[in-house]
Amino acid sequence: MHRFPFFSLISKYDTAIWVRVVGTILTSLAGFMMRPYLVFYLYDKLNGSIFLSMLIVGLQPLCGIFVNLYAGSLSDRYGRKPMMLAALIIQAFAIGGYIFASHVWEFALISVINGIGNAMFGPAANAQISDVVPQEKRAEVFALLHTALNMGSAFGPLLGLLLFTWNPTVIFLTCSIALFAYAGLVIWKVPETMPVKSPEEKASTKKSPKIRWLDHKPLLWITLMAMPVSLLYAQTESTFPLHLQQQFENYKTVFATIITFNGCVVIALQLWIAKRTEHVSAYLIVAASYLLFTIVALGYGFVPFIAILLLVEFLFTIGEMLYGPHIQKVISVIAPVEHRGWYFSVFGMNWQLSRTIGPMLGGLLFSHYGGKVMFAVLSVIILIVGIAQTRYIRNINRKQEEPVIEAALQI
């Protein structure tokens, strides 16, 4: 008799993983109450300026780019827990600051501070998973966290819609409280998971030269070719709501419905899909994901009916359920043990870069040519880069398998 996947996972992983799950549910619920309506909030506060709204949205990840260069290395040196804790507290204060902001420079400053906190958290948290979870189970754990994230997206947008029409500041307060609660869980229940170093290793770490980027070309290429996918995500958080505003009269309800539908599908299928694809080659999963994202970009731009738009969103959801856990597993596999935090930090820069330039570039295309042209251009980019990414990861897999085959032949 087979148990439901979620309950079978409970006994598999330690406290640190389950704190991540609970904390992710808390913060994603609050975050998805806020995130879909932040663009509308800024758009109203900044007198209907698309460019200023996109600029403010882009400042958070722009700041994160520079922090990312150091956050992963700091987590490798000082530990995962201190970085996670500092990141959550910084974000909690920053998002609470939206309640009191009224001028452009105030929104800009808050976005910068929030970007610092957001960039600090991811590398340390993902390195923690690599510390405590065996390689063959990492895709499953990343899938579990993706499910937790989407529990917030399933219920947050509709709750946020109600609060947004009543009093938007309540959303920011709720999000800030959730981040403080998550920080409390980290203090209470999360141990330090960084591998213990010998005195000799500690001494060599302090004296070690700077990391040479060109020695890590696979990481750099995979990160660069992941950007079109994160550009699509960046548009869904920035220009897509404004595109819906031009297509639908009840655009806020349509947007909330789409995000809620996405979250519900992830909750229902993510763990099942992760289990079924656990042993499938990463390059095949990546190829399927990029193809789905290409179709989705076209659908976002050209579909005028809510029923078909939900079908497009279903394809997007399948794509992200395949892509997210497996691309992170690829990074965890190619990362040297002593540089895990740094690897996830560098890979996370594709999100930061896309969310910095994406809203501004998308905003310019949207302002001059409309949403259809903008999403059509993005779909072509995703398709071309997806082919290149697939071939590159396939070549990496072959190189990793060659020593194993040679060793087997020698036995």
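These numbers were taken from a predicted model, which means no experiment stands behind them.

### What to know about the confidence of the model for the chain
- Looking at the chain, pLDDT values average 79 and 86% of them are 70 or higher.
- Taken together, the stretch residues 404–411 has pLDDT below 50 and engages in 0 contacts with residues farther than four places along the chain or on a different chain.

### A closer look at the packing of aromatic side chains
- Tallied over the entire structure, the rule returns 13 aromatic pairs.
- Relative to Y182, the ring of F121 has its centre 5.8 Å away and its plane inclined at 65°; by these criteria the two rings are edge-to-face. Linking F121 in helix 5 (residues 104–132) with Y182 in helix 7 (residues 168–189), this pair joins segments that are 61 residues apart in sequence.
- Among the aromatic side chains, those forming a connected cluster through ring pairs are Y233, F240, F255, Y290, F293, Y300, F316, Y323, W351 and F375.
- Over the ring of W188 we find K189, and its NZ or CZ is 4.8 Å from the ring centre.

### Brief notes about helix 15 (residues 340–369)
- When the terminal C-alpha atoms of helix 15 are compared, their 42 Å separation across 30 residues agrees well with the 44 Å that a helix rising 1.5 Å per residue should span.
- Of all bends in helix 15, the biggest is about 35°, found at G358, and the proline P359 comes one to four residues later.
- Positive phi shows up at G370, right after helix 15, with a value of about 95°.

### Focus on the nonpolar core
- Counting residues in hydrophobic clusters, the biggest one holds 58 residues, and the most contacted among them are L219, I222, L232, L244, Y300, L309 and I331.
- By residue number, the principal contributor to this core is helix 14 (residues 306–334), which donates 8 residues.
- Look past the residues within four positions of I331 in its chain and what remains in contact with it is L219, I222, Y343, F344 and F347.
- M84, A92, A108 and F172 belong to the second-largest nonpolar core, a separate cluster that totals 38 residues.

### Remarks on the side chain of T294
- Relative to the elements of secondary structure, T294 occurs in helix 13 (residues 282–302).
- A relative accessible area of 9% places T294 in the buried class.
- Polar contacts involving the side chain of T294 include one to the main-chain carbonyl oxygen of Y290, which spans 2.9 Å.
- In terms of polar contacts, T294 uses its side chain to reach the backbone amide nitrogen of L383, at 3.5 Å.
- With near-sequence residues (within four places) excluded, T294 lies in contact with S379, I382 and L383.

### Observations regarding the packing of helix 10 (residues 227–237) against helix 13
- For the pair helix 10 and helix 13, the least separation of the axes is 11 Å and the interaxial angle reads 30°. One finds that helix 10 runs roughly parallel with respect to helix 13. Here the hand of the crossing between helix 10 and helix 13 comes out left-handed. In this structure, helix 10 uses V229, L232 and T236 to contact helix 13, whose residues at the interface are Y290, F293, V296, A297 and Y300.
- Tallied by class, the residues present in the contact of helix 10 with helix 13 amount to 7 nonpolar, 1 polar and no charged.

How each quantity is defined
Residues numbered from 1 in each chain as written. Predicted model: local features only at pLDDT ≥ 70, side-chain atom pairs only at ≥ 80, totals over all residues. Heavy atoms only, no water. pLDDT = per-residue confidence, 0-100. Contact = heavy atoms within 4.5 Å. Phe/Tyr/Trp six-rings, centres within 6.5 Å; stacked < 30°, edge-to-face > 60°. Helix = DSSP H or I, 4+ residues; strand = E, 2+ residues; numbered from the N terminus. Lys NZ or Arg CZ within 6 Å of the ring centre and 35° of its normal. Expected span 1.5 Å × (residues − 1). Bend = angle between axes of the 7 residues up to and from the residue. Core = buried A, V, L, I, M, F, W, Y, C linked by side-chain atoms within 4.5 Å. Buried < 20%, exposed > 50% of the residue type's maximum accessible area, 1.4 Å probe, protein only. Polar contact = N/O pair within 3.5 Å; in protein donor to acceptor, adjacent residues only side chain to side chain. Axes fitted to C-alpha atoms, helices over the stretch in contact; angles between N-to-C directions. Parallel < 35°, antiparallel > 145°, perpendicular 65-115°, else oblique. Left-handed = near helix turned anticlockwise from the far one by under 90°. Nonpolar A, V, L, I, M, F, W, Y, C, P; charged D, E, K, R; others polar.

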